[in-house]
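Analysis of the macromolecular model
Each chain, letter by letter, is given below.
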Amino acid sequence: MKIAVIVTLKKDVLDPQGTTIKKTLEGMSFNNINNIRQGKYFEIDIDEKNKKKAEEKVNEMCKKLLANLVIEDYKVVKPE
Amino acid sequence: MNSSVIVFPGSNCDRDIAIALRKFGFKNKMIWHEDVELPKSDLVVLPGGFSYGDYLRCGSMASKSKIIQSVIKFANSGGLLMGICNGFQILTETSLLPGVLLRNKFSKFICKNVFVKINNIENNYFKNIKKNVLNLHIAHNEGNYFCSGEQMKEMQENNQIALLYCDEKGEVNEKYNPNGSSKNIAGIFSRKKNILGMMPHPERMIEKYLSGEDGSLFFENLLNNLK
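We now turn to the structure provided with this report.

Parameters and conventions
Residues numbered from 1 in each chain as written. Chains lettered and ligands numbered in written order. Predicted model: local features only at pLDDT ≥ 70, side-chain atom pairs only at ≥ 80, totals over all residues. Heavy atoms only, no water. Helix = DSSP H or I, 4+ residues; strand = E, 2+ residues; numbered from the N terminus. Buried < 20%, exposed > 50% of the residue type's maximum accessible area, 1.4 Å probe, protein only. Contact = heavy atoms within 4.5 Å. Areas by Shrake-Rupley, 256 points an atom, 1.4 Å probe, with all protein chains shown as cover. Buried area = accessible area lost by both parts, 1.4 Å probe. Salt bridge = Lys/Arg side-chain N within 4 Å of Asp/Glu carboxyl O. Polar contact = N/O pair within 3.5 Å; in protein donor to acceptor, adjacent residues only side chain to side chain. Nonpolar A, V, L, I, M, F, W, Y, C, P; charged D, E, K, R; others polar.

1. A word on the overall build of chain A
When helices and strands are counted, chain A shows two helices and three strands. Helices (α) and strands (β) of chain A occur, in sequence order from the N terminus, as β-α-β-α-β. The C-alpha extent of chain A, read off along each of the three principal axes, is 45 × 25 × 15 Å. Counting the 80 residues in chain A, one finds 32% classified as buried. At a minimum sequence separation of 6, the contacts of chain A that also span at least 24 residues come to 66%. About 5,700 Å² of surface is accessible on chain A, with carbon and sulfur atoms providing 51% of the total.

2. Quick word on the interface of chain A and chain B
Chain A puts 16 residues into the contact, and the matching count from chain B is 15 residues. Summing both partners gives a buried area of about 1,300 Å² for chain A against chain B, and 66% of it is carried by carbon and sulfur. Contact with chain B buries area across many residues of chain A, yet P16(A), L65(A) and V70(A) alone supply 37% of it, more than any other trio. Salt-bridge contacts for E72(A) lead to R57(B); the nearest nitrogen and oxygen are separated by 3.6 Å. In this assembly, chain A and chain B are joined by six residue pairs in polar contact (both at pLDDT 80 or more). Listing elements by their share of the side of chain A that touches chain B, those giving two or more residues are α1 (16–27), β2 (39–45) and α2 (51–66) of chain A. Across the side of chain A that touches chain B, the residue classes tally to nine nonpolar, three polar and four charged.

The structure is reproduced here in structure tokens:
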């Protein structure tokens, strides 16, 4: 089963990469960008048939390694 | 005095710190990250570098390595544990120290000498040190210290702030902050002050004619405090 995870910086955490990307896009004449925040995307192929169990495991992975909860939020994208 | 330097794949200041420790009288051992047991140590150091290529987040992979459980046990029983640069990042990722080191505010890798003010001398690292402002070297891309308001309040109440970026006279001001760190923080202690995480590299300041001697002051003093 494939499960996706999206990790993003919390709102009040500075994101210099996002700011630099925004500036570069503006330099390429992409106007009207209000803001850009960079995040991370994980695609996890897990050997588990039970959707609920798989989600629980992925949640645990996020809390223990994939996200640092001091600065990041994560979202588990439900399996199809 | 016995010291142990933990070596991760991608550590690159491990030999520098080992040279510094030996120069000032420590009997040092290099410990590979896949080892399980720490040898008997009076000081354990997590060195600078790019452990695991800084994958995911700086220090995050190293914080789950095999040796870390022994390091955590050592620190929790009061052992002296010091993390320099990437070592500091590893300490925050293991939650032995609060907060996190974010990417530098102005998106630049910073490599230069800075002045840091010692904010608390009631600990084995800085007790009796002859200066209160040290000239040390920094070299990092993620040294922007950040923590929650609650964590900051707790650190201030427990006097856990160890080093602050300042000018040569010790004036702490935002204009001397190289990387955007909250409150100009360059290093912090654990609650019990046995764990020290710092971005500056004292091991790069141990040769009078090459760099400077404020690192020598730090190591000599540390050894004297442990005797």
